[in-house]
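# Structure at a glance
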Amino acid sequence: MESKPTFPSSSSSSSSSSMKPKKYDVFLSFRGEDTRNNFTSHLSSALYKIGLLSIFRDDKALEKGKDIWPELKNSIKDSQYAVVVLSENYATSSWCLRELAKIVKCARNESLKIRTIFYHVNPSNVRSMKSTNKRKQKGSFWEAMEAHKQNPSNSEKTLEKWRNALVTVANQCGYPVDAHTDEAIFIKEFIAKISSELGASIRTIGGLFGMTSRLKELDSYVLQSSAINNVCFIGIHGMGGIGKSTLARAYYKQMSCKFDGSSFLQNIREVCKVKANDLMDLQKQLLSDILKNDFNDIGHDDNGIDMIRTRLRFKKVLVVLDDVSKLEQLNGLAGEDEWFGSGSVIIVTTREDSFLKIRRFTIYRVECLNHSEALQLFSSKAFGSIEPLEEYKELSKLVVEYASCLPLALTVLGSLLGSKKPSEWESALRRLRKCPEKEIVEKLKISFEDLNETDQRIFLDIACFFNGFDTNYVIQILDSCGFDTEYGISNLIDKSLLSINDEYGIRKIWMHDLLQEMGKDIVRKESGNELGKQSRIWNTDDLYHILENKEGTNEVEAIVTHLDETKECSFEALSSMKKLRFDGLDDCDGLDDCGGLELSNNLQYLAWSGFPYNKLPSGFRPHKLVQLKLWFSNIEQLWNNCIKPLIDLKVIDLSCSQSFSTFEDFTVVPNLEKLILFGCRKLSEIHPSIKHLKRLFLLDLGYCTSLQKLPEEINDLTSLQTLRLNGCCTLGKLPDNLEQLKSLRDLDIIGSGITHLPSSIFLLEKLEFVHYHTEEIIKSHIRENIIGYHTTSECFSPGIIESGWFCREPRGLYSRLLLTKLDLIDCNLSGPEAFPQYFGKLVSLRYLDLSKNPFSVLPPGINGLSRLRCLRLEHCKSLRCLEAELLPSSLQVIPSNRRTQFEIVLPLDHPRSDYELPAWFLKQSSTERISIKLDPNRPNRRLKGFAMVFCFDANSSGNDFCCDIRVGCSETWKYTMVACKISIPIINSRRLDHLFLLYMPCDKLHTECINQLKSPSCDKLEFSFYSNKNNACTCGPCGVRLVYKEDIEDM
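What comes next concerns the included structure. Predicted model only: the values in this text are computed from it and were never measured.

## Describing the overall build of the protein
Helix and strand counts for the protein stand at 30 helices and 35 strands. Taking contacts inside the protein between residues at least 6 apart in sequence as the whole, the part at least 24 apart equals 65%. Carbon and sulfur atoms provide 46% of the accessible area of the protein, an area that totals close to 47,400 Å².

## Some points on the sheet that holds strand S17 (residues 627–629)
The parallel open sheet is built from eleven strands, whose spatial order is S13-S14-S15-S16-S17-S18-S19-S20-S21-S22-S23. In this open sheet, the two edge strands, each paired with only one partner strand, are strand S13 (536–537) and strand S23 (769–771). Here three bridges tie strand S16 (residues 605–609) to S17, and the two strands are oriented parallel to one another. Paired with leucine 606 across the two strands is leucine 628, which belongs to S17. Helix-sheet contacts for helix H23 (residues 471–479) involve strand S15 (582–586), S16, S17 and strand S19 (674–676), and the interaxial angle to S17 is about 115 degrees.

## Some details on the packing of helix H22 (residues 453–466) against H23
Orientation of H22 relative to H23, taken along the N-to-C sense of each, is 125 degrees, at an axis distance of 12 Å. As the angle between them shows, H22 and H23 are arranged oblique. Considering how the two elements wind past one another, H22 and H23 form a crossing that is right-handed. Residues Ile458, Asp461, Ile462 and Phe466 of H22 form the contact with H23, whose participating residues are Val474, Ile477 and Leu478. Classifying every residue of the contact of H22 with H23 by side-chain character gives six nonpolar, no polar and one charged.

## Here we look at the side chain of arginine 524
Examined against the element boundaries, arginine 524 turns out to sit in helix H25 (residues 513–526). For the buried arginine 524, which has no salt bridge, the nearest side chain bearing the opposite charge is aspartate 521, at an N-O separation of 4.2 Å. Each residue touching arginine 524, except ones within four places of it in the same chain, is listed here: Lys434, Glu517, Asn529, Gln534 and Trp538.

## Here we look at helix H8 (residues 156–170)
Helix length check: H8 (15 residues) gives 21 Å between terminal C-alpha atoms against 21 Å at 1.5 Å per residue, within 8%. Within H8 the residues assigned to the buried category are Leu159, Trp162, Arg163, Ala165, Leu166, Val167, Val169 and Ala170. Among the structural elements, strand S3 (79–86), helix H5 (94–109), strand S4 (113–119), helix H6 (123–127) and helix H7 (140–149) are those in contact with the buried residues of H8.

The rules behind each value
- Sequence order as written defines residue numbering, which begins from 1 separately in each chain.
- Totals for whole chains, interfaces and linings use every residue, but because this is a predicted model, local features are given only for residues with pLDDT of at least 70 and side-chain atom pairs only at 80 or more, for both listing and counting.
- Here the side-chain values reflect all heavy atoms present in the structure, with hydrogen atoms and water set aside.
- Working definition: helices are DSSP H or I runs of at least four residues, strands are E runs of at least two. Numbering for both runs from the N terminus.
- Contacts are assigned to residue pairs with any non-hydrogen atoms lying within 4.5 Å of each other.
- Per-residue accessibility takes into account occlusion by the displayed protein chains alone, with areas from the Shrake-Rupley method and a 1.4 Å probe.
- When DSSP finds two or more bridges between two strands, those strands count as paired.
- For every element, the axis is a line fit to its C-alpha atoms; helices are fit only across the contacting stretch, and the angle between N-to-C directions ranges from 0 to 180 degrees.
- Between 65 and 115 degrees an angle is taken as roughly perpendicular, under 35 as roughly parallel, over 145 as roughly antiparallel, and anywhere else as oblique.
- Crossing handedness is defined as follows: a turn of the near helix away from the far one that is anticlockwise and smaller than a right angle gives a left-handed crossing, while the clockwise case is right-handed.
- Gly is placed with the polar residues, together with every amino acid not listed as nonpolar (Ala, Val, Leu, Ile, Met, Phe, Trp, Tyr, Cys and Pro) or charged (Asp, Glu, Lys and Arg).
- Buried, partly exposed and exposed residues are distinguished by accessible area as a fraction of the type maximum, computed with a 1.4 Å probe on protein chains only: under 20%, between the cut-offs, and over 50%, respectively.
- In this count, Lys and Arg are taken as positive residues and Asp and Glu as negative ones, while His and the chain termini are left out.
- Put simply, a salt bridge is a Lys or Arg side-chain nitrogen that is within 4 Å of an Asp or Glu carboxyl oxygen.
- Expected helix span is given by 1.5 Å per residue-to-residue step, counting one fewer step than there are residues.

Have a look at this one:
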């Protein structure tokens, strides 16, 4: 039984933190004379070889002459498994029997697992010791126990304990080894089995925490990839210090025994930096590890590739390539699937995932520890236990928070702080926040140093200013500095320096806190820790120090910070920052005079919220400027004198600059793409030179409340996609000839003074959204356009028909402003060709009046009006038929949950007295009144509503018709109500009688009427139709049908 130094450990996960960790994986119990130099030697060697297991063998571990029993007992208790090799002479050793009795006892009480190997022994011979059958009382084990009985120092109690222990392990389902067993194969399979069992509940690997879940997840990736591919290629990707290599090593230790050969090549990045024949040396090691031979004659990298391919192609191998940084390293060591045998697994750990994607690796991305795991790891390094000492608990949580659960940082800080007093911890934390620990920074800095200069600048800008910001916003800003930011960010993500997190649909940049601190530390060190020479200023106090002491220098490239609006300061120091490319400030008190202030002409991005001056410095010539944003500023005008065109300027945003009154010359900014003057309340006009902005795609004039008109030259903005005029309450109209705005997609006139849209708006092919504040605007223009189509055949462009902004529901606060009612009375619409193609797309319509038009059939698109409830066809003298398939479904079908009233008015081509009502109306009358005897079984049927039809005469001039319903019981009427009042528009010279179809759902009736209808004593109904304004008007014939649930399909 042999011991080997093992890692001090604790639980592998927070859930097992209360369990005391075991010192040994395996306690090996065997009879030395039988198996020491053969089977057990090979077994223990195989256990050592796989690297995962620590083994206790007493013939190797215990010093001669010592009382070894106490140490043996402790070793048994401190092991996870006991492997008992029962050989022919095992029971002759009282020492082995004492061990075995202790093993069996610990298996009952100490969670020890026993695995028994019957080495040339029949388990029945072991069990025979307790047999009372004389014929079975034989064999080496029975004889050995009989010999022990002769020794007076062995009490009967001791002998019984030994017998019980032997019988206990003999009754197990053990592992037999006999003369026909191939011991090499047996040992390999046994090792794989016990290794797998140990790995599934991995107790510890190098003091790591949270390993169990990560190993299981990694193994699932391997299994999924292996199911598809002959050879499995897995990339373990993550930032420096997150535990990629440790996870790979843990997997290697756990699984290598299952392969024909294995190799772990560590620190490949570093090896390739310091060795001349770096790749060739790694190839030699790979071959030597797997084939167990020396390979000194490779000679060249290409020869190494050939040897790997030819020597390993039939071997199932596990290879871990640790910290690969370049594709050529990977290609030189594991270039193709065909290099390795079926079932092989190749694992690569890296901070750079671009070549993993090229090679189509399955990528496992390592996450930081959770807070509980992080606290345990830190405590194990600081205190040697899985929990912090009581007086250090809160401080330990602060350290874990500072380290953001990064294993590298937790390990370094645990070792650094473990011996310190609490007061020293607090001091150390304050210093760390200013200056991170060197060992951590150097490890994290490796990926940064691999970047090119542009990507390094992007990284530092994000670290200092933009961690946690919207990705598109950051790209827009840094693109202003000429960085090709989207590509740069993808490079940073590939190297695990950034990630993109989706928060409520917004893609935000996320950088680990320690990487952010590293970036800031790099900036500090580059300047020699002189504030005025820092390339980037992000701290408000630091900026005030520079401003107050006028320490600005040419080294300053970028400033982004928040100013205290209550604190006075001078900005003269900015004049010394000649290389300033990026300026983002906010909140300042107003200042009239900008004398003494100079801004860098190298500025590419200037964003100054609350800009305190009423004008820009006279010497400001920012010919590299891409974006100018002066929100809530005191600026009154921009450039008050002639300057050369700012050809790079793409964005001007003066939102809520309430003193801004004029933009005199747009030729200064010929390539402007966005002009945002939202809330500039003093702006009263737009200069005609705006016509020169051929690239402008956004013009926001929202809440420019003094703006009274737009120049006709605005029609020259051929690239304009969005025009916002919302809240421009004094703006009364849009320019004519809007059809020239061929790119316009979005027009917002909500809250403006605009009450009329020019007809040219219907010729805008790409218009998708018009935001308006009153239905009358769109209603009048739809009517106008339809009439215009009839007379001129001009209508919306095909693009307008497809986008359908005029029938789409408005968004936001004005979502209820739908086109629900359309009046097309007497528009001389004579046939299907009179209606434009888009007519059936007006899906929000609920009321449509087509009265007094000479068409003979309904418009072909009318069945697309899916929400239509009321259709008026009064005095349509040419209408000859009303085909069901032409009607909208909302008028044609009444579903079981129908709760909506609908109406249809149709002209009659002959006098109403001669008209035969549809037979579907089961109860009919030739007069205006009809009585119905109710079905006595109706309480068992579900009444949905009433369908009614009546005719009224050609001379009717009143426009209100009523229907009364009376509910009766025997000879008396219990209840009378006006069921509905129907308004029909007055049409002069009505010459035709009309038919009125009406459906009334039950829930539109008065509650008392419904209650009476439900009463079994109620047995009759009476319906009366009349005009309540014209007594001379007569109605009839009429018909009624009570609509029950089962009638719906017929309807």
